[in-house]
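# Notes for the structure review
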Amino acid sequence: MSIVLIIFVVVYLGMMLGHLPWLKVDRAAIALGGAIALLAAAELTEAQAVASVDFGTIGMLFGLMLLSIQFELSGLYGAVSARVGAVQTRPAILLALLIGLVGVMSALLTNDVVAVAMTPVVLSICLRRGLNPVPFLLAIAFAANAGSVATLIGSPQNMLIGERLQLSFVHYMAYAAVPALLSLGVVWLALMLFYRAHWQLQRPDAADRSAHSADAAAPPFDRWETIKGLLVLGFVLYAFIFTEWSRGLVAASAGAFMLFNARFMSRSMLHRMDWGLLILFVGLFIVNGAFQNTGMPQQLVGDLNAAGFNLQHSDVLFVLSAVLSDITSNVPTVMLLLPYANDPEAGPLMALASGLSSNLIVIGSLANIIVVDAANARGLNISFREFAKVGLPVALSTLLIAWVWVRYLM
């Protein structure tokens, strides 16, 4: 039991830091290493390890990643972004259009892939039009996080919550769609407030070079492959809403269908998969499963209840999800807290908290890191402070909106 506790603490310390001291390992490697260490120490059997993995969630994540990659390679993200960017209007209106676009796409597809595909295109558009790209790039990150909370397929942690708690797709949207929509409005207002006098680019001399490098990253638009992807997405959404079929199997089947492609090499599609995220899920499933089997979490909950701190209350889970998501990241946080989600409102509140709190700081979500790293690679530095000065009010105000909506207006 002590070995399980030590491994559990080390793994979640790694989730908190993003690495282990003096070692160049990321969260996925830490989770995988923890799972293998438990097997090597004979703290659980191979059968127990396999049984602790939620293959429904893995299937959903795998399939929807491939569907998102289909849209990326078909040039849909770039084409739609370019179409919005070509609209001749004031920067404030352009910003609103971009936020709406990213929010909707992130609700229907994996938000991280949306951020990967759209960041270079939007950066190029801003530079060519002489606009300061910072508010528009921040809009991608904030809107991807806010929009993703609207549906059970908007983010990896939403998929996990939906599968583990067996939430209805439509029932969840009744809780989350309005807070997500209002949160997108908050994102626009906050960016307008902070950048209303800073729309123009300060260094036009570097704009053309960066724009050309960003343009090179955008795949050409393929109408047929886009239509095919949209038809498959429509089928997936139909199955999720109107049938009782396994969501994991439906999504995995849709993703596998995308691999049988006459236009894109399956190897290229698989190469773009976020295998690290899938490994992180599998490793954490096994580590958390072993920890649950020790009985220590149940004992801790009992002790906290005796002290007047009810970990199973949905409001407590909402606060813990919001706080821990910016410390250990949202997926590990949700995995850690899901066993205590017994209240009917706990699932939607955890999804809203883990998603909306991601806008607080750069490391709050992978979408944030993707946007900031892509900007840095093209010579545009978005500092931790620059991000947080907008992210802090956005995160706090949207969390308040979500909590009030679920607790008092539903």
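First things first, this report covers the structure right here in the doc. As the structure is a computational prediction, the values presented were derived from the model and not from experiment. Every chain is numbered independently, its residues counted from 1 as its sequence is written. In keeping with the model being predicted, local features are shown solely for residues with a pLDDT of at least 70 and side-chain atom pairs are shown and tallied solely at 80 or more, while totals for entire chains, interfaces and linings include all residues. To get the side-chain values, all heavy atoms of the structure are used, and hydrogens and water are removed first.

Another point: the pattern of salt bridges. Any carboxyl oxygen of Asp or Glu within 4 Å of a side-chain nitrogen of Lys or Arg constitutes a salt bridge here. Under the defined criterion, the tally for this structure stands at eight salt bridges. The residue D54 makes a salt bridge to R164 at a minimum N-O spacing of 3.1 Å. Note that D54 is positioned in the loop between α3 (46–52) and α4 (55–73) and R164 in helix α9 (residues 156–165), a separation of 110 residues in sequence. Overall, R164 belongs to the partly exposed group, its relative accessible area being 39%. Among the ionic pairs, R263 bridges to D222, the shortest N-O distance being 3.0 Å. With a gap of 41 residues between them, R263 in the loop between α13 (247–259) and α14 (266–271) and D222 in the loop between α11 (207–216) and α12 (223–242) connect regions that are remote in the sequence. Think of it in three bands: residues with accessible area under 20% of the maximum for their type are buried, residues over 50% are exposed, and the middle band is partly exposed, with areas taken using a 1.4 Å probe on protein chains only. With relative accessibility at 15%, the residue D222 sits in the buried group. By sharing partners, the salt bridges in this structure join D315, E345 and R407 into a single network. The helix count covers DSSP runs of H or I at least four residues long, the strand count covers runs of E at least two residues long, and both are numbered beginning at the N terminus.

The subject of this paragraph is the packing of helix α17 (residues 314–325) against helix α19 (residues 346–356). Under this scheme, a helix contributes an axis fitted over its contacting stretch, all axes are lines through C-alpha atoms, and angles between N-to-C directions fall in the 0 to 180 degree range. α19 packs onto α17 with a crossing angle of 25 degrees between their chain directions and a minimal axis gap of 8 Å. Taken as axis vectors, α17 and α19 run roughly parallel relative to one another. Crossing angle aside, the handedness with which α17 passes α19 is right-handed. Residues S314, D315, L317, F318, S321, A322 and S325 of α17 touch α19, and the partners they reach there are A346, L349, M350, A353 and S354. Each residue is assigned to one class: nonpolar for Ala, Val, Leu, Ile, Met, Phe, Trp, Tyr, Cys and Pro, charged for Asp, Glu, Lys and Arg, and polar for all the others, Gly among them. Of the residues that constitute the contact of α17 with α19, the class distribution is seven nonpolar, four polar and one charged. An angle below 35 degrees is read as roughly parallel, one above 145 as roughly antiparallel, one from 65 to 115 as roughly perpendicular, and any other as oblique. For any helix crossing, the convention is left-handed if the near helix is rotated counterclockwise from the far helix by under a right angle, and right-handed if that rotation is clockwise. The contact definition used throughout considers only heavy atoms, calling two residues in contact when any of these lie within 4.5 Å.

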